[in-house]
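Descriptive analysis of the structure
The primary structure of each chain is shown beneath.
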Amino acid sequence: MPIPDDVTGEEIDADVRQELLSLPKGLAEDVSRNLVMVARLIDEDPEGAYAYSKIALRLASRVAAVREAAGFAAYANQKYSEALAEFRAARRMTGNVDLWPVMADCERGLGRPEKALDMAGAPEVHKLDKAGQVEMRLVAAGARRDMGQLDAAIVTLQSPELASNSVQPWTARLRYAYADALLAAGREDEAREWFAKAVESDKDGSTDASDRLAELDGVEFVDALVEDEDEVEIEVVTEAEAEAEAEDEIEADTEDDDEDDEDDEDFDIVEAEQTKPVVEADDDDDAPRG
């Protein structure tokens, strides 16, 4: 697959570059450029990211970073069995537990929520950093909901991280998941409160909490753009037609003025006749007699 010229491969993390040092220089560059494309496309074009990950995997399947990237690309395309296999391979190579939560979520995707819950209680969870532990809690709550255990899902999400007023990278998603679980359990007022809190902490728009909050408040968004062009009639007027129309308006105004002048003259004549002094003839009968 083609790769844009501006992609050099140097964009990848230093840790990944370090892993690729085990490869010949030319091969390492090809692999790194494909990994950059995976990272660029995985959110907006998951299928494209998956295609680039398969190329990188074919070139360097023994590199843990490549197996991990392939796992995330498969995960983004809901290929959970394939993603789980790649994550397991990467973990065997590195011994790292960072992928434990997403591996558990793959079990959910495969319809095995019980397995995800087992992983949530495994010793590996204690080796995760704070972000990983929160992620594991989210996965466990999701597994509870998969099993229809709404109250248990709510309790699973109740934690010091949820109650904290400090905003961390995971705060918005944790609050959103809690609000969504409350809403599913029919606790609408509480759900609204937590959706509002999620909005406050969601600075980068990682959730649709604002839309969910508006929906609860009964706010409907109407698209002002009319998609059907047949519903919009646009009258196109040429410059010549515009000038002719303007002249007609001027002429009409002139005629109206002439008619107004004539009416004024008639009115003056009638008014003059009405105001002319009336001379009465002397009545002989009333004259003094000598």
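These notes cover the structure that comes with them. What you see is a predicted model, and the numbers here were worked out from it, not measured in a lab.

Where empty space is left in the structure can be found by rolling a water-sized probe over the atoms. Quantified by volume, the largest pocket comes out at close to 860 Å³. Of all elements in the fold, only α1 (14-20), α2 (25-41), α4 (64-76), α5 (80-94), α6 (100-109) and α8 (130-146) reach the threshold of two or more residues within the lining of the largest pocket. It is α4 that provides the largest number of residues to the lining of the largest pocket, a total of five residues. For the lining of the largest pocket, the residue count by class is 19 nonpolar, three polar and 10 charged. Taken as a whole, the second largest pocket spans an internal volume of roughly 600 Å³. Residue lining of the second largest pocket: 21 residues in total, with Asp-105, Arg-108, Glu-135, Leu-138 and Arg-173 positioned closest to the centre. For the lining of the second largest pocket, the secondary-structure elements that each account for two or more residues are α6, α8 and α11 (171-184). Partitioning the lining of the second largest pocket into residue classes produces 11 nonpolar, four polar and six charged.

Okay, the nonpolar core next. Within the largest apolar cluster, 46 residues are counted, with the highest numbers of intra-cluster contacts made by Leu-20, Val-31, Leu-35 and Val-66. When residues of this core are traced back to their parent elements, those giving at least two are α1, α2, α3 (46-59), α4, α5, α6, α7 (113-120) and α8. When sequence neighbours within four positions are dropped, the list of residues in contact with Val-66 reads Val-31, Leu-35, Ala-56, Leu-57 and Ala-60. Listed in part, the 20 residues of the second largest apolar core include Trp-170, Leu-182, Ala-191 and Leu-213.

About the thresholds
Residues numbered from 1 in each chain as written. Predicted model: local features only at pLDDT ≥ 70, side-chain atom pairs only at ≥ 80, totals over all residues. Heavy atoms only, no water. 1 Å grid on protein atoms, 1.4 Å probe; cavity = no way out; pocket = protein on both sides within 12 Å on 5 of 7 lines; lining within 4 Å. Points joined across faces, edges and corners; volume = space filled by probe spheres on them. Helix = DSSP H or I, 4+ residues; strand = E, 2+ residues; numbered from the N terminus. Nonpolar A, V, L, I, M, F, W, Y, C, P; charged D, E, K, R; others polar. Core = buried A, V, L, I, M, F, W, Y, C linked by side-chain atoms within 4.5 Å. Buried < 20%, exposed > 50% of the residue type's maximum accessible area, 1.4 Å probe, protein only. Contact = heavy atoms within 4.5 Å.

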